[in-house]
Structures are given as C-alpha cells and as structure tokens.
Amino acid sequence: MNDKMTKKPSILLLYTGGTIGMIKDYKTNALRAFDFTQITKNIPELHQLNCKIDSVSFDEPIDSSNMNISSYQRIIDIIDLNYKNYDGFVILSGSDTMSYVSSAISFMLENLQKPVIFTGSQLPIGDLRTDAKENLITSIEIACARKNGKPVIAEVCLYFEYKLYRANRTTKINAEQFEAFISMNYPPLAESGVHLNFNDFYLHTPDFTKKLVVRKKLNNNIAILKLFPGITFKVVESVLNSEELQGVVLETYGAGNALDQKWFLKTLAQAIQRNIKIINVTQCIGGSVSQGHYETSVALKEIGVISGKDITTESAIAKLMYLLEENLNVKNFTHYFENPLRGELTP
Ligand code: ASP
C-alpha cells in the first residue's frame, strides 16, 4: 500500500455562522457563537473519526440571511488557499440560504476533485435534541470517504438529516422539521442509516488530469420575477427596467408557461433586446420547463427566453451570477445555460 492509501485524510472545517455554531450559555440561557477553533474539545466524538481535522472560522460568523457575494468570495479564498493541503472541506453554514450559497460555490469551483460538503442544523450543537452532531459527524465521514486512493465525493454537496445531495439541486423546504432540504430533480448521492450508502451511479466522476480553476468573479445585477395571476404591467416593467439589470430568473407556471398577453411579451422582448438575459424556471418544486410544450410558452421561446429546464431557482441565480461574468455572446450564453456545467440540470 502506498502512503496516500494509509495516511489519515485531513479535513478543513470552515464555520461561517448559523445555528449549528451556537451554544447555550448556562448562566444567561442565551445562545452565543461557539469558538470553532476549540471544536474537538467541545465535541469529543470527533476524536473517534479516523481523520485529522483543522478548523477556521469567519472572523464574525453570520446568520446566512446576511450572505452575499463577498461572503462567497471569502469561502472560495479559504478553499483555494488550502486546496492542496486538505483532502476535503466541510462548510458549516446557516441553512436558510445554504442552497443559494452552496450552488454558487459549485459554479466557482471548476474541475473540483475533492469533496466540499455544506452542512448546518436546525438546533444548536449544544442543544440536547440537536441534529447538529449527526450532520457534522456524517459530513466529515463523507468528506473522508475514499475508494482506491481517490475521494468518493468530488463535488459540492449538501448534507442534512441522513441525506447527501448535490448542492446545486437542493431547496430548503422546511423551517421546522429536521428534514429541511429536498432535491426533487436529482436523487440523493448518499444515505446514512446503519451504513453509509453511496449511490455510485449518480456521483460526479471528475477528470483527475485537469487542474482546479477558481472562478472568483460574480455578477449580482440580477433579479427574480415571480409570476402570479393578476401581475401588472407596472411591476413587470419596473423590474425589467431596473438600472444596471443584466439577468432575470423568470419564475413561470408548470412546464414553463406564462401569460401570453401582448404587453407582457413586448416588455420581455424589449428587455432581451437590451441584452438582459431572461431564464425560464418553473415555480413547481419538481419537473422541468419545456418551452413550446403549451401554447403559453411558445412565444417565450420565440423572443429568446432561455430555458432553465429542471434547474432550481437557487441554482439559476448562482449560474446567472457566474455566466454573466464570462463575456459570452448570446448564442454561447444560451448554450452554456441550457446545458449542465456542474450537474445542476438535466439536458
Ligand atoms: N437563520 C439561521 C441561518 O440561516 C438558520 C440556520 O442556521 O439554520 O443562519
């Protein structure tokens, strides 16, 4: 056996904030941020894992509602700086925006060959009934998993309540139950029960000859426009005429259908002529946009609305942020959006 096969895997744990990192101060009864540099002291179970764990934390941990492009860049800088020295990364983050954040990180890491696992919890790690310990311990185990000297997982994932998902396929669907996430259009990559079972067929297989490319620039001159019966011209027009707007995720009905009234199509067509990219994403939690399937989506296709197929809104936002910085002409932009770059949609 060579050295790589026998050496303990090394994992870097990054705490960005969120409920998982809060513990109850028994004197004041208030929740406060936990010092993650002391993590192995506070969670002795981590010593039983067959790996070496180091941890870093945002200087000021944040509620994930405060995540923005510069927080994404801080996460990416930490991964980039430590990429060669660690076998895997576990990112602890608030669950509220975890699908948005982890989707963005997936686009920012091209040719990723190591596991990057996002996790968090609904209850703080110090709470008696916490879901944090299982989420954290299994995420580390997954990040350590190796087969024939190579990592089993080589993509950005989200682990929560016994399931590992491709991060850019997830949506947070529950603020109460421990099972907070769902991935409607792609099966879980692993399930944890008595054993940790990987669904090998659905895992991304990287090309180990390629080098990691880190994409640090993102563009947030974008918006989400969610349709509803009765939406007015004024609202649509004001969103599409926002200053500096470059891209819109248009949340449509069912298989990508929208009202086909003249004022609506004309406002969209004018925005597309101003080079604003409009992506059709369904409001349904599962299934796919299929422009042209119903009469109410034929015109969208004709005026140049891009199909998001079965992408989630969270992932479409991340992909827009990424592709808008890539200086692509309309044809290439449409091609790259409508085809998977990190397994985020089904072609
Ligand atoms: N509000 C918290 C956050 O997203 C909730 C959580 O940690 O799950 O940061």
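Residues numbered from 1 in each chain as written. Predicted model: local features only at pLDDT ≥ 70, side-chain atom pairs only at ≥ 80, totals over all residues. Heavy atoms only, no water.

Engineer: Can you walk me through the sheet that holds strand β17 (residues 222-226) in this structure?
Structural biologist: Strands in a sheet are paired, the pairing made by backbone hydrogen bonds, and the direction either parallel or antiparallel. Sheet architecture is open: four strands sit in the order β17-β18-β19-β20, paired in parallel fashion. Where the open sheet ends on each side, the last strands, each with one partner, are β17 and β20 (306-307). By the bridge criterion, six bridges tie strand β18 (residues 247-252) to strand β19 (residues 277-282) in an arrangement that is parallel. Across the sheet, E251 pairs through a bridge with V281, a residue of β19. (Pairing = 2+ DSSP bridges. Helix = DSSP H or I, 4+ residues; strand = E, 2+ residues; numbered from the N terminus.)

Engineer: Would you take a moment to explain the site of the ligand for this structure?
Structural biologist: Around the ligand, the neighbouring residues are G18, T19, D63, S64, G94, S95, D96 and S121. A distance of 2.5 Å separates an oxygen atom of the ligand from a polar side-chain atom of S95. In this structure, D96 approaches the ligand through a side-chain N or O atom, which is 2.9 Å from a nitrogen atom. Protein burial of the ligand: of its 260 Å² of free accessible surface, 89% is covered by the chains. Split into classes, the residues belonging to the shell around the ligand amount to no nonpolar, six polar and two charged. (Near = heavy atom within 4 Å. Polar contact = N/O pair within 3.5 Å; in protein donor to acceptor, adjacent residues only side chain to side chain. Areas by Shrake-Rupley, 256 points an atom, 1.4 Å probe, with all protein chains shown as cover. Nonpolar A, V, L, I, M, F, W, Y, C, P; charged D, E, K, R; others polar.)

Engineer: Can you walk me through the packing of aromatic side chains in this structure?
Structural biologist: Any aromatic ring pair is given by two values, namely how distant the centres are and how the planes are angled relative to each other. Overall, the coordinates contain nine aromatic pairs when judged by the stated rule. Each ring, one from Y83 and one from F89, has its centre 6.4 Å from the other, and the planes form 5°; the classification is stacked. Here Y83 and F89 have matching classes, each one buried. For the ring pair F233 and W263, a centre distance of 6.0 Å and an interplane angle of 85° mean the geometry is edge-to-face. Of this pair, F233 sits in helix α6 (residues 233-240) while W263 sits in helix α7 (residues 262-273), placing them 30 residues apart in sequence. Three or more aromatic residues joined by ring pairs form one cluster here, namely Y83, Y86 and F89. The aromatic ring of F333 is capped on one face by K277, whose charged end is 5.0 Å from the ring centroid. (Phe/Tyr/Trp six-rings, centres within 6.5 Å; stacked < 30°, edge-to-face > 60°. Buried < 20%, exposed > 50% of the residue type's maximum accessible area, 1.4 Å probe, protein only. Lys NZ or Arg CZ within 6 Å of the ring centre and 35° of its normal.)

Engineer: I keep staring at the state of the cysteines and nothing clicks. Help me out?
Structural biologist: Defined simply, a disulfide is a covalent bond joining two cysteines at their sulfur atoms. If you walk through the whole model with that rule in mind, you get zero disulfides. Here C157 is not cross-linked by a disulfide; its sulfur's nearest cysteine counterpart is in C144, at 14 Å. (Disulfide = S-S within 2.5 Å.)

Engineer: What exactly am I supposed to notice about the nonpolar core here?
Structural biologist: One recurring pattern in soluble globular proteins is that nonpolar side chains are buried together. In this structure, Y72, I75, I79, I105, V116 and F337 are the most contacted members of the largest nonpolar core, which totals 50 residues. When residues in this core are grouped by element, the largest group, seven residues, is from helix α9 (residues 313-323). Among all residues touching I79, those that are not within four sequence positions of it are F89, I91, I105, L109 and V116. (Core = buried A, V, L, I, M, F, W, Y, C linked by side-chain atoms within 4.5 Å. Contact = heavy atoms within 4.5 Å.)

Engineer: Any chance you could explain the sheet that holds strand β1 (residues 10-15) here in plain terms?
Structural biologist: In spatial order, the strands read β4-β1-β5-β7-β10-β11-β14-β15; together these eight strands make up an open sheet with mixed pairing. Taken across any chain shown, the strands that pair with only one partner, and hence form the sheet edges, are β4 (52-57) and β15 (196-198). Strand-to-strand, the axes of this sheet are offset by a mean angle of 20°, without reference to chain direction. Helix α4 (residues 98-108) contacts β7 (116-119) and β10 (156-160) of the sheet and is inclined by roughly 155° relative to β10. (Axes fitted to C-alpha atoms, helices over the stretch in contact; angles between N-to-C directions.)

Engineer: Looking at this structure, how should I read the pattern of salt bridges?
Structural biologist: Where charged atoms of side chains with opposite charge meet at close range, the side chains can pair. Under the definition given, this model contains 15 salt bridges. Notably, a salt bridge pairs D310 with R169, separated by 3.2 Å at the nearest N-O pair. Remark: R169 occurs in the loop between β11 (163-166) and β12 (171-172) and D310 occurs in the loop between β20 and α9; sequence separation between them is 141 residues. Across this residue pair, the class does not change: D310 and R169 are buried. Between E326 and R215 there is a salt bridge, with the nearest N and O atoms lying 3.4 Å from each other. Residue E326 is found in the loop between α9 and α10 (330-338), and its partner R215 is found in the loop between β16 (213-214) and β17; the two are separated by 111 residues along the sequence. (Salt bridge = Lys/Arg side-chain N within 4 Å of Asp/Glu carboxyl O.)

Engineer: Looking at this structure, I do not really get α9. What am I missing?
Structural biologist: Each α-helix turn comprises 3.6 residues. Residues three or four places apart therefore point the same way. Where burial is concerned, most of α9 is hidden: eleven out of the eleven residues are buried. Those residues of α9 that fall on the buried side of the exposure criterion are T313, E314, S315, A316, I317, A318, K319, L320, M321, Y322 and L323.

Engineer: Explanation requested: the packing of α7 against helix α8 (residues 295-303) in the structure shown.
Structural biologist: Angle between the axes and distance between the axes are the two parameters that describe a pair of packed helices. Packing of α7 against α8 leaves a shortest axis separation of 10 Å and a crossing angle of 20°. When the axes of α7 and α8 are compared, the pair comes out roughly parallel. When the axes of α7 and α8 are compared, the crossing they make is right-handed. Together, F264, L265, L268, A269 and I272 of α7 and A299, L300 and I303 of α8 make up the contact between the two elements. Across the contact of α7 with α8, the residue classes tally to eight nonpolar, no polar and no charged. (Parallel < 35°, antiparallel > 145°, perpendicular 65-115°, else oblique. Left-handed = near helix turned anticlockwise from the far one by under 90°.)

Worth remembering: the numbers are spatial, not functional.
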